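Spelled out, the chains give:
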Amino acid sequence: MKNLDELLNEEENLQLATFSNTTAWEMGRLAAGIALERNLPVVIDIDRYGQCLFHAALPGTGPDNALWIEGKKRVCYHFLHSSLYMADYFKQNKKDIRQNNFLNPDRYRLKGGAFPIQIKGSGLVAVLTISGLKDYEDHDFAVEILKGIV
């Protein structure tokens, strides 16, 4: 398990110089290729503020994965951090997402798998979300993909 500082360091170190639809396509193809090679039952989603730039539902996934994708992605967009960071933050601080934030936990899923795609010096521009594995494995797979692009 990673601590909160390690999770923040990942976000800081995995920022891109640029991001475009082509970048999203390359990132998605990389993720899908690795997932297929490893027989990972995952959904891969790259979203830019409501615009789907890449989406692949690989063998072994189902409709519930779409709910997890949306819920994790909402957490990432709302808090501007990975969904695993926020899940661990809420756990460590013994808080519920409803406290102070008034967010519905059915719509905001505090599980790993959504990772902010950031431009150096600009901040969040999109979100890469993985669903289908254990939440920390979803997170680590997203990190692996970003490391392959940065």
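Everything numeric in this text was worked out from a predicted model, so none of it was measured.

(A) Just the pairing of strand 4 (residues 123–131), in detail. Judged by how many residues are buried, strand 4 sits mostly within the fold: seven of nine residues are covered. Relative to strand 4, strand 3 (residues 114–119) is paired through six bridges, and the arrangement is antiparallel. Within strand 4, the position partnered with Phe115 by the bridge is Leu128. Linking two consecutive strands that pair antiparallel, namely strand 3 and strand 4, is a turn of three residues; a positive phi of about 85° is found at Gly121 within it.

(B) Structural view of the state of the cysteines. Under the counting rule described, the total for this entry stands at zero disulfides. Cys52 provides the cysteine sulfur closest to Cys76, a residue in no disulfide bond, and the two sulfurs are 15 Å apart.

(C) Summary view of unusual backbone geometry. In this structure, Asn39 takes a positive phi of about 55° despite not being glycine. Considering the arrangement of structural elements, one finds Asn39 in the loop between helix 2 (21–37) and strand 1 (43–48).

(D) Looking closely at helix 2. The terminal C-alpha atoms of helix 2, which comprises 17 residues, lie 24 Å apart, in line with the 24 Å expected from a rise of 1.5 Å per residue. Along helix 2, the residues classified as buried are Thr23, Ala24, Met27, Gly28, Ala31, Ala32, Ile34 and Ala35. One side of helix 2 carries all its buried residues, which in axial view fall inside an arc of 165°. More than 90 degrees from the buried face of helix 2, the exposed residues found are Arg29 and Glu37.

(E) Layout of the packing of aromatic side chains. Scanning all chains against the criterion turns up five aromatic pairs. Between Tyr49 and Tyr77, the aromatic rings sit 4.7 Å apart at their centres with planes inclined by 35°, giving tilted as the arrangement. One end of the pair, Tyr49, is in the loop between strand 1 and strand 2 (51–57); the other, Tyr77, is in helix 3 (residues 63–79), with 28 residues separating them in the sequence. With a relative accessible area of 18%, Tyr77 lands in the buried category. Within the aromatic cluster, the residues linked to one another by ring pairs are Phe79, Tyr85, Tyr89 and Phe90.

Conventions and cut-offs
Residues numbered from 1 in each chain as written. Predicted model: local features only at pLDDT ≥ 70, side-chain atom pairs only at ≥ 80, totals over all residues. Heavy atoms only, no water. Buried < 20%, exposed > 50% of the residue type's maximum accessible area, 1.4 Å probe, protein only. Helix = DSSP H or I, 4+ residues; strand = E, 2+ residues; numbered from the N terminus. Pairing = 2+ DSSP bridges. Disulfide = S-S within 2.5 Å. Expected span 1.5 Å × (residues − 1). Arc of directions from axis to C-beta. Phe/Tyr/Trp six-rings, centres within 6.5 Å; stacked < 30°, edge-to-face > 60°.

Keep in mind these numbers describe shape, not what the thing actually does.
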